[in-house]
Amino acid sequence: MVLTVQENTPPIDYRSGFVALIGRPNVGKSTLLNALVQQKIAITSPKPQTTRNQVLGILTQADAQLIFIDTPGIHAPKHKLGAFMVDQAVRAVPDADVILWLVDVSEPPQSEDQRIAQLLAARQTAQPVVLGLNKIDRVDEDALDARRAAFQALQPATAEVAFSATQRLHLDELLAVLCRLLPLGPQYYPADQVTNVQERFVAAELVREQVLHHLREEVPHAVAVVVDEFKERSPDMTYIAATIYVERESQKGIVLGEAGKMLKRIGQGARREIEQMLSTRVYLELWVKVVPHWRRDDAYLRRFGYRIEG
Ligand code: GDP
Ligand code: MG
């Protein structure tokens with residue numbers, strides 16, 4: 001009998017699994033995901049409801065592989081897109097081995113935090129819940145203690161960690177706590193893979209991020225971005241054409257700006273971000289189109305990747 005030992009066989013006590021990032025909009029879920037995998041795979045912004053789809057962030061260590069599921073924040077939906085987003089977040093719960101419930105310690109618990117606490121209490125599965133107290137850079141120690149107690153009172157957690165995603169404070173501690181709670185298991189993804197989404201998807205998201213960055217309240221929520229063409233013209237040059245969809249002519253005017261200046265600014269910002277991701281120069285062509293009420297239209301929601309399943 002011949003025994004072969006695979007060189008990349010993980011150690012016997014290797015741990016792996018899914019960590020669902022759950023929390024109300026704006027607590028820093030996507031920021032934390034990017035910080036942990038040290039690459040920008042999810043867009044972030046100070047505006048709530050920035051994340052629309054589930055994005056996986058994969059972190060491979062010598063002793064463990066953590067697969068984070070970033071989710072849209074759980075909120076009260078006002079239209080079909082909102083309903084899809086909440087559904088994406090809620091669906092991540094049964095799939096997870098560990099739930100990381102993220103809160104923002106710079107504010108007292110809100111009604112949306114309460115909804116999540118109730119959701120966790122009512123779930124059919126019994127995974128450990130880690131309470132992640134984010135944004136500690138914004139409070140002193142006394143305030144942190146008070147907030148910690150207030151959030152713990154909503155829903156008792158298996159463990160808790162206080163950290164800052166933007167300042168990269170105590171992220172090692174967070175990872176150690178999560179690893180300890182993961183089950184024994186194989187390395188599911190190759191060590192160099194950091195996400196499940198394609199560069200084409202991230203490129204569209206990076207354009208949407210610039211729209212969020214440059215425009216006021218109501219416009220960003222009505223925007224969807226689709227990459228129509230993505231071509232490597234040469235090893236150091238990528239051509240990308242994308243369409244920014246809005247719901248009204250007036251919104252199109254705002255995205256274009258006076259003499260097209262706003263669109264130009266959005267394009268410049270997005271090009272820089274995409275160049276960083278691809279490590280090539282990028283030629284980015286942007287178009288703006290109006291589709292009335294796309295957020296209520298199943299066909300368009302599907303086309304833009306916001307699929308309604310089941
Ligand atoms: P999400 O909706 O939960 O995904 O939240 P985002 O990741 O989009 O972050 C919302 C806002 O909070 C952004 O402006 C982030 O820069 C900010 N943020 C995230 N983490 C921290 C942190 O640790 N400290 C501070 N001061 N701001 C943070
Ligand atoms: Mg997000």
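Below is a short write-up of the structure. Being a predicted model, the structure only gives us computed values, none of them experimental.

Regarding empty space enclosed by the protein
One simple way to see leftover space: roll a probe sized like a water molecule over the atoms. Enumeration over the complete set of coordinates arrives at one cavity of 30 Å³ or more. Considered as a void within the structure, the largest cavity measures approximately 60 Å³ in volume. Considering the residues around the largest cavity, the lining is formed by Ile-41, Ala-42, Ile-43, Thr-51, Arg-52, Asn-53, Val-55, Phe-201 and Glu-205. For the lining of the largest cavity, the per-class residue count stands at five nonpolar, two polar and two charged.

A few points about the layout of surface pockets
Approximately 570 Å³ is the volume found for the largest pocket. Elements represented by at least two residues in the lining of the largest pocket include exactly helix 2 (80-95), helix 6 (199-214) and strand 7 (224-234). Per-element accounting of the lining of the largest pocket gives the leading share, five residues, to helix 6. Taken together, 25 residues form the lining of the second largest pocket, with Asn-26, Val-27, Gly-28, Thr-31 and Ser-45 sitting closest to its centre. Take the lining of the second largest pocket: its biggest share by element is three residues, from helix 1 (residues 29-37). Looking at the lining of the second largest pocket residue by residue, the classes come out as six nonpolar, 14 polar and five charged.

How each quantity is defined
Residues numbered from 1 in each chain as written. Chains lettered and ligands numbered in written order. Predicted model: local features only at pLDDT ≥ 70, side-chain atom pairs only at ≥ 80, totals over all residues. Heavy atoms only, no water. 1 Å grid on protein atoms, 1.4 Å probe; cavity = no way out; pocket = protein on both sides within 12 Å on 5 of 7 lines; lining within 4 Å. Points joined across faces, edges and corners; volume = space filled by probe spheres on them. Nonpolar A, V, L, I, M, F, W, Y, C, P; charged D, E, K, R; others polar. Helix = DSSP H or I, 4+ residues; strand = E, 2+ residues; numbered from the N terminus.

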